[in-house]
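# Inside the fold
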Amino acid sequence: MLDIMKYFTLKEMKKSLVISIWFMILTFPIMVIKVNTIENTVVWRWASLLGMGIGSFIMATLWRYLLERKNMKSPLSTKKTLQMRVVEWANENPKVKPIALIAVSIFVLSFPFFSGLYQTSIMTTALMYVVLGLGLNIVVGLGGLLHLGYAAFYAVGAYTYALLNYHFGLSFWICLPIGAGLATIMGILLAIPVLRLRGDYLAIVTLGFGEVIRIVLENWNQFSFGPSGIAQIPRPGFFGMSMNLQTATTYIYFIMIAMVIFTIFVVRRLENSRIGRTWVAMREDEIASESMGIDITKSKITTFALGAFWAGMVGVVFAAKTTFINPASFTLWESVMILCVVVIGGMGSIVGVVVGAMILILMPEYLRAFSEYRMLIFGAMLVIMMVFRPGGIISNIRKKYKFEPAQAAKNADKEGVR
Amino acid sequence: MDLQYFFELFVGGLTKGSIYALIALGYTMVYGIIKLINFAHGEIYMIGAFTALIIASALSFTGMNPVLIFLISTILAIIFSASYGVTMEKIAYKPLRGSQRLSGLISAIGMSMFLQNYVLLAQTSDFLPFPNLIPEFKFLEPVKSLISPSGFIILVTTAIVMILLTYLIKFTKTGKAMRATSQDPKMSQLLGINISKVITMTFIIGSSTAALGGVLISTHIGQLNFYIGFITGIKAFVAAVLGGIGSIPGAVLGSFVLAWTESFGTGYISSDYEDVFAFLFLIIILIFRPSGILGRPENKKV
Amino acid sequence: MAPILETKNLTMQFGGLTAVDNINFNVNSGEIVALIGPNGAGKTTFFNCVTGVYTPSSGDVLISTDGKAQQRINGLKPNKVTEKGLARTFQNIRLFQNMTVLENVMIGRHTKLKSGLFGAIFHPKSTLEEEEKVIQDSYDILVEVGLEKFVNELAKNLPYGAQRRLEIARAMATEPALLLLDEPAAGMNPHETKELDEMILKIRNTNDISILLIEHDMSLVMSISEKIFVVDYGKLIAKGTPDEIKNNPEVIKAYLGDVSDA
Ligand SMILES: Nc1ncnc2c1ncn2[C@@H]1O[C@H](COP(=O)(O)OP(=O)(O)OP(=O)(O)O)[C@@H](O)[C@H]1O
Ligand SMILES: [Mg+2]
């Protein structure tokens, strides 16, 4: 085990000091001098120079420590991670799982009744990101395809409901499958031209696709009402009952809970199926999977289509929840935000994505001081995750099968935890 | 047809293409060597422009000659941007060498978000006017309606940079090492080329030209904010891909083709869809000629 | 009976370089055939042309599996070639690193399974039975190559020799009529190589499939192959039994200073 104290010897501290001086110089113009060329003022903020010096000294020490620790860890090390130990413990104690499940259910079901309207609404948003994250996870986490235009499908769902309702008065429940269906079709349409592209071009083309959809929505006034958007979209109905804001919010919360359960159910089954395995194989090595008889084209289209499906569905809920939509909700940064949920939570891991959505959406809400810095912190977290923990907070653990020693048992052990 | 209008669009495309070219160079060089789309490259361009703005404003209180201020702030902007580029590589890309491509791309997106918000928080989200430091040129008087002094400087500077860069890549030792590394990194290492040094050089050169582009376009347009880097950066990348990624003449050609497409597209069709033209063009090119205009088709080696 | 694999005037060019030059070649049913040649001779490129990774510049690749008439497979995508009964391994191991050993083999079973999206989501009886069977079959294949103790291990954590064997197991899972092995013994110690030798023979004898292998380890090549083809600079320079090849002056010349211990 590497000792962090090693980094507090004179020699090591000197190294950190050099790094911190480098950062003080590097950030000098932007951190220290603040100009306003409208009012022609220049403010010198010497305090930030000091802050930068101290901050980067600490960061440099920590960074070098973590980097060395990572490089020391051999890939074959059998040391168990915390996550592995928790999973093992849960598997050994059969009571743990049902108890945890009951506890979570009670919390989730009673949440809107002991927390306020605002809290319920925020939690609903977090749940929406859970579903969006799980959908994008199919493309990025399982399929290994970097998709930067995911918000476009979300927009398709939202506009489907808003427009169909505006023109034809169609209800939420009718639009839900239509929105999801249209998004799926869009997913397939996008997949076809990008199939032949190399991995990194795919990122740019999907990004471009997302931007094209947004710009069209912004400028095609006759169709989408441009930047001013569409207002007064009705909330979901419940057999024609009229609801006050409180009840409607709670109702949408439960719709999202149902949707999360549905999504987890489906995604779990998909990822351990014949089709799901081909996605992971494609992520690991396209050429090898083709040589094993997998039709890569088909695999790519299914990941895009299924990923889009969830976005379309949540889009409809989004329109119904906010009752107002405009193109500003579907920018590139929305796509990147969903990507953050997947990457920081844990690519390919369902629990990871749930945790990622909760942290990324709830944290800025409850830590107000933090909210101004959230994009800065998320950006930094993406880098830090990729460098130190590419699997995310909760990494994917492959399903394990049990065989009896001599002649193998028939049944696979379904206890694998993801 | 209105010839005057046509020429305006043509020259507009030319200046814009020059800026794209200055940025696209960095993209293409970095891609050639570490096979990574450096999404944060556009941010380097933005930081270059911002640094120049800050230094120029601070200096303007000293009552210095505007041309001198312009030169000093440009040079400092280049130095700082190059340092940002190198630092970024050490933090976000170097530790990822040898890991999956997806990791590098995500790290690059994170870096881009970080740098944008860093400037936003440390400075402002408002558009800031860029001080006018460029003198009038007498000899441009006859073509005043077509090209402004700043536009003229952009064209001349880009031309000079291209010539210098071609010389550097073709004839210097550094340039040769860069070309060798982009052809076959493993082999180059065996032949004693220090890959880390080559990568650092690549980031220095790419960031410097991007910063120069940032300063020039900001003086030309007259304002900037923290967000100017991202979309311009993406478009410069599109230009690099159009021309054939990894190819320096390709990047320049792609930049002009893209800029003219945008310029004429917005001029004759609709100005609302400027970005749409760029992306549709990219998709079409990639479908029919995935390796770009000048790029060599890439063979997957198995 | 038509040979299981035959190439006629097969040529592959990369720009100015002719990596495979006009090669006529065949493997008969049940044979173990070796393809040898110095580094860069074009052996792997030949494999890639046969398995659909590259589309040959000219010439024909013909196969005849299950006693059916010959068919031309140039330009077919790799997954189609696999469906037709050719399976391969890779010179630089290409396992699905972050999948378990069992899952790697299960992927190999892909073409033999049917269930699609509907089955995955609704779990009808047919899908459940199919899943159960593929798990069992894959496990049996692992037992056959002696990797069963690693079932749930990630492929990337296996020792090198085991990774090579897993590649073979994965290819075997596709139930090929012809198995193409690209340097299966590379990086193995003599003991492991000997085990591999036995394994290849066992595979051929028990499963009734033909084997084509590229190999630099001459003792392995000479001991198990029934027919040897030698290429140099993309051209076929000799073919024959191990004994004929050993004494062929052309071959000795091609290898001189290259694999002097051959
Ligand atoms: N995709 C490609 N593009 C360009 N040239 C290639 C490509 N693939 C192979 N080559 C070239 O073709 C020639 C034959 O290579 P190949 O890999 O087939 O040799 P090999 O006989 O398998 O050698 P080794 O024993 O080293 O594996 C080499 O000169 C190689 O550089
Ligand atoms: Mg080879």
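All values derive from a computational prediction rather than experimental measurement. (Residues numbered from 1 in each chain as written. Chains lettered and ligands numbered in written order. Predicted model: local features only at pLDDT ≥ 70, side-chain atom pairs only at ≥ 80, totals over all residues. Heavy atoms only, no water.)

## Topic: the overall build of chain C
Helix and strand counts for chain C come out as 10 helices and 10 strands. On C-alpha atoms alone, chain C measures out to a radius of gyration of 19 Å, which is about the 18 Å that the 2.2 N^0.38 rule sets for 262 residues. By its C-alpha atoms, chain C is 65 × 40 × 35 Å across when sized along the principal axes. Put simply, chain C has 262 residues, and 58% of those count as buried. Sequence-distant contacts, at least 24 apart, represent 67% of the contacts inside chain C between residues at least 6 apart. A total accessible area of about 10800 Å² is found for chain C, and carbon and sulfur atoms account for 50% of it. In chain C, which carries 27 positive and 34 negative side-chain charges, the distance between the mean positions of the two groups comes to 5 Å. (Helix = DSSP H or I, 4+ residues; strand = E, 2+ residues; numbered from the N terminus. Rg over C-alpha atoms; globule rule 2.2 N^0.38 Å. Buried < 20%, exposed > 50% of the residue type's maximum accessible area, 1.4 Å probe, protein only. Contact = heavy atoms within 4.5 Å. Areas by Shrake-Rupley, 256 points an atom, 1.4 Å probe, with all protein chains shown as cover. Lys, Arg positive; Asp, Glu negative; His and termini not counted. Charge placed at Lys NZ, Arg CZ, Asp CG, Glu CD.)

## Re the overall build of chain A
When its secondary structure is counted, chain A shows 18 helices and two strands. Among the 418 residues that make up chain A, the fraction classed as buried is 53%. Counting contacts in chain A only where the partners sit at least 6 residues apart, residues at least 24 apart contribute 73% of the total. Each charge class in chain A was averaged separately, 37 positive and 21 negative side chains, and the resulting centres sit 4 Å apart.

## Let's talk about the packing of aromatic side chains
Working definition: an aromatic ring pair is given by the centre-to-centre distance plus the angle between the planes. Evaluated as defined, the whole model comprises 40 aromatic pairs over all chains. Judged by centre distance (5.2 Å) and plane angle (65°), the ring pair of Y27(B) and F237(B) falls under edge-to-face. Of this pair, Y27(B) sits in helix 1 (residues 3-34) while F237(B) sits in helix 9 (residues 228-243), and the two are 210 residues apart along the sequence. No difference in accessibility class separates Y27(B) from F237(B), as the two residues are buried. The aromatic ring of F90(C) is capped on one face by R94(C), whose charged end is 5.7 Å from the ring centroid. Residue placement shows R170(C) over the ring face of F96(C); its charged tip is 4.7 Å from the ring centre. (Phe/Tyr/Trp six-rings, centres within 6.5 Å; stacked < 30°, edge-to-face > 60°. Lys NZ or Arg CZ within 6 Å of the ring centre and 35° of its normal.)

## As for the coordination of the magnesium ion (ligand 2)
Around the magnesium ion (ligand 2), the donor atoms from the protein are T44(C) (OG1) and Q91(C) (OE1), and they sit 1.8 to 2.1 Å away. With T44(C) in helix 1 (residues 43-51) and Q91(C) in the loop between strand 6 (86-88) and helix 3 (101-108), this residue pair connects regions lying 47 residues apart in the sequence. (Donors = N, O, S within 2.8 Å, 3.2 Å for Na, K, Ca; no water.)

## A closer look at the site of ligand 1
Around ligand 1, the surrounding shell holds 17 residues, and the nearest of these are G40(C), K43(C), T44(C), T45(C) and Q91(C). Chain contributions to the surroundings of ligand 1 come from chains B and C. Within the backbone of A41(C), a nitrogen or oxygen atom sits 3.1 Å from an oxygen atom of ligand 1. Taking 630 Å² as the accessible area of ligand 1 by itself, protein coverage stands at 77%. Counting residues per element, the ones that place at least two in the shell around ligand 1 are strand 2 (17-27) and helix 1 of chain C. (Near = heavy atom within 4 Å. Polar contact = N/O pair within 3.5 Å; in protein donor to acceptor, adjacent residues only side chain to side chain.)

## Considering the environment of F61(B)
Turning to its location among the elements, F61(B) is positioned in the loop between helix 2 (41-60) and helix 3 (66-93). Those residues in contact with F61(B) that sit more than four places away from it in its chain are N40(A) and V42(A).

## Here's the deal with the sheet that holds strand 4 (residues 58-63) of chain C
Residues and elements named next belong to chain C. With antiparallel pairing, the four strands of this open sheet are ordered in space as 2-1-4-5. The two strands at the open ends of the sheet, each matched to only one other strand, are strand 2 and strand 5 (71-72). In the sheet, strand 1 (residues 5-14) pairs with strand 2 via seven bridges, with the strands oriented antiparallel. Bridging from a neighbouring strand, F14 pairs with L17 of strand 2. Against the sheet, helix 1 engages strand 1, strand 2 and strand 4, with an angle of about 115° to strand 1. (Pairing = 2+ DSSP bridges. Axes fitted to C-alpha atoms, helices over the stretch in contact; angles between N-to-C directions.)

## A look at the confidence of the model for chain A
Low-pLDDT stretches of the model should not have their predicted coordinates read in fine detail. Overall, the predicted model of chain A reaches an average pLDDT of 87, with 94% of residues at or above 70. Taken as a whole, residues 406-418 of chain A scores under 50 in pLDDT and shows 31 contacts with residues more than four places along the chain or in a different chain. (pLDDT = per-residue confidence, 0-100.)

## A look at the interface of chain A and chain B
Listed per partner, the contact involves 62 residues of chain A and 62 residues of chain B. The three residues of chain A that bury the most area against chain B are I30(A), Y201(A) and I204(A), which together make up 13% of that side's buried surface. There are zero salt bridges connecting chain A and chain B. Per-element accounting of the side of chain A that touches chain B gives the leading share, 12 residues, to helix 9 (residues 199-219) of chain A. (Buried area = accessible area lost by both parts, 1.4 Å probe. Salt bridge = Lys/Arg side-chain N within 4 Å of Asp/Glu carboxyl O.)

## Considering the domain arrangement of chain C
For interface size, the figure often reported is the accessible area lost on association. Residues and elements named next belong to chain C. When the domains of chain C are assigned, the result is domain 1 (1-85 + 176-262) and domain 2 (94-175). Its C-alpha centre places domain 1 at a distance of 26 Å from the equivalent point of domain 2. If you look at the interface, domain 1 gives 21 residues, while domain 2 gives 12 residues. Summing both sides of the interface, domain 1 and domain 2 together bury roughly 1300 Å²; the carbon and sulfur share of this comes to 69%. Taken together, the connections running from domain 1 to domain 2 amount to zero salt bridges. Our count for the domain 1 to domain 2 interface comes out at three residue pairs in polar contact (both at pLDDT 80 or more). Looking at the side of domain 1 that touches domain 2, the elements with two or more residues in it are helix 2 (78-83), strand 7 (178-182) and helix 7 (190-207). Of all the elements, helix 7 adds the most residues to the side of domain 1 that touches domain 2, at eight residues. The residue makeup of the side of domain 1 that touches domain 2, split by class, is 11 nonpolar, four polar and six charged. (Domains from an automatic or database assignment. Nonpolar A, V, L, I, M, F, W, Y, C, P; charged D, E, K, R; others polar.)

## Re the domain arrangement of chain A
Per the domain assignment, the segments making up chain A are domain 1 (4-72) and domain 2 (95-388). Distance between the C-alpha centres of domain 1 of chain A and domain 2 of chain A: 37 Å.

## A word on unusual backbone geometry
Across the chain, the bulk of peptide bonds are trans and the bulk of non-glycine residues have phi less than zero. The phi dihedral of T323(A) is positive, around 60°, even though this residue is not glycine. Of note, T323(A) is situated in the loop between helix 14 (296-322) and helix 15 (332-345). Positive phi, normally seen in glycine, also occurs at K35(B), with a value near 55°. Of note, K35(B) is situated in the loop between helix 1 and helix 2.

## Description of the environment of L165(B)
All names here are of chain B. With respect to the element layout, L165 can be found in helix 5 (residues 149-171). Remark: the alpha-carbon pair of L165 and A278, spanning 113 residues in sequence, is separated by 26 Å. Excluding its chain neighbours within four sequence positions, the residues that come into contact with L165 are L25, M29 and I205.

## Observations concerning the side chain of T61(A)
Following the sequence through the fold, T61(A) ends up in helix 3 (residues 46-72). Apart from the residues within four sequence positions on either side, T61(A) is in contact with Y7(A), F8(A) and S16(A).

## As for a nonpolar patch on the surface
There is a patch of nonpolar side chains on the surface, built from I174(A), I178(A), L182(A), I185(A), I188(A), L189(A) and I192(A) and spanning about 580 Å² of accessible area. A relative accessible area of 30% places I188(A) in the partly exposed class. (Patch = residues over 30% accessible without salt bridge, like charges linked within 9 Å, V, L, I, M, F, W, Y side chains within 5 Å.)

## A few points about the packing of helix 10 (residues 248-268) of chain B against helix 11 (residues 274-288) of chain B
Residues and elements named next belong to chain B. Where helix 10 meets helix 11, the axes come as close as 9 Å, and the angle between the chain directions of the two elements is 135°. One finds that helix 10 runs oblique with respect to helix 11. The element helix 10 and its partner helix 11 pack so that their crossing is right-handed. In contact with V257, L258, T261, E262, G265 and T266 of helix 10, helix 11 contributes E274, F277, A278 and F281. Residues belonging to the contact of helix 10 with helix 11 are distributed by class as follows: five nonpolar, three polar and two charged. (Parallel < 35°, antiparallel > 145°, perpendicular 65-115°, else oblique. Left-handed = near helix turned anticlockwise from the far one by under 90°.)

## Things to note about the packing of helix 3 of chain A against helix 18 (residues 374-388) of chain A
Residue and element names in this part refer to chain A. Relative to each other, helix 3 and helix 18 sit at 35°, their axes nearing to 10 Å. In contact with W63, L66, L67 and K70 of helix 3, helix 18 contributes I384, V387 and F388. Its residues assigned to classes, the contact of helix 3 with helix 18 shows six nonpolar, no polar and one charged.

## A closer look at the pattern of salt bridges
Tallied over the entire structure, the rule returns 28 salt bridges over all chains. Two residues, E89(B) and R97(B), come together in a salt bridge whose shortest N-O distance is 2.9 Å. Using a relative accessible area of 2% as the deciding quantity, one classes E89(B) as buried. Residue R97(B) is classed as partly exposed on the basis of its relative accessible area, which comes to 37%. Measuring nitrogen to oxygen at the nearest pair gives 2.9 Å for the salt bridge that ties R109(C) to E175(C). One end of the pair, R109(C), is in the loop between helix 3 and helix 4 (117-122); the other, E175(C), is in the loop between helix 6 (160-172) and strand 7, and 66 residues separate them in sequence.

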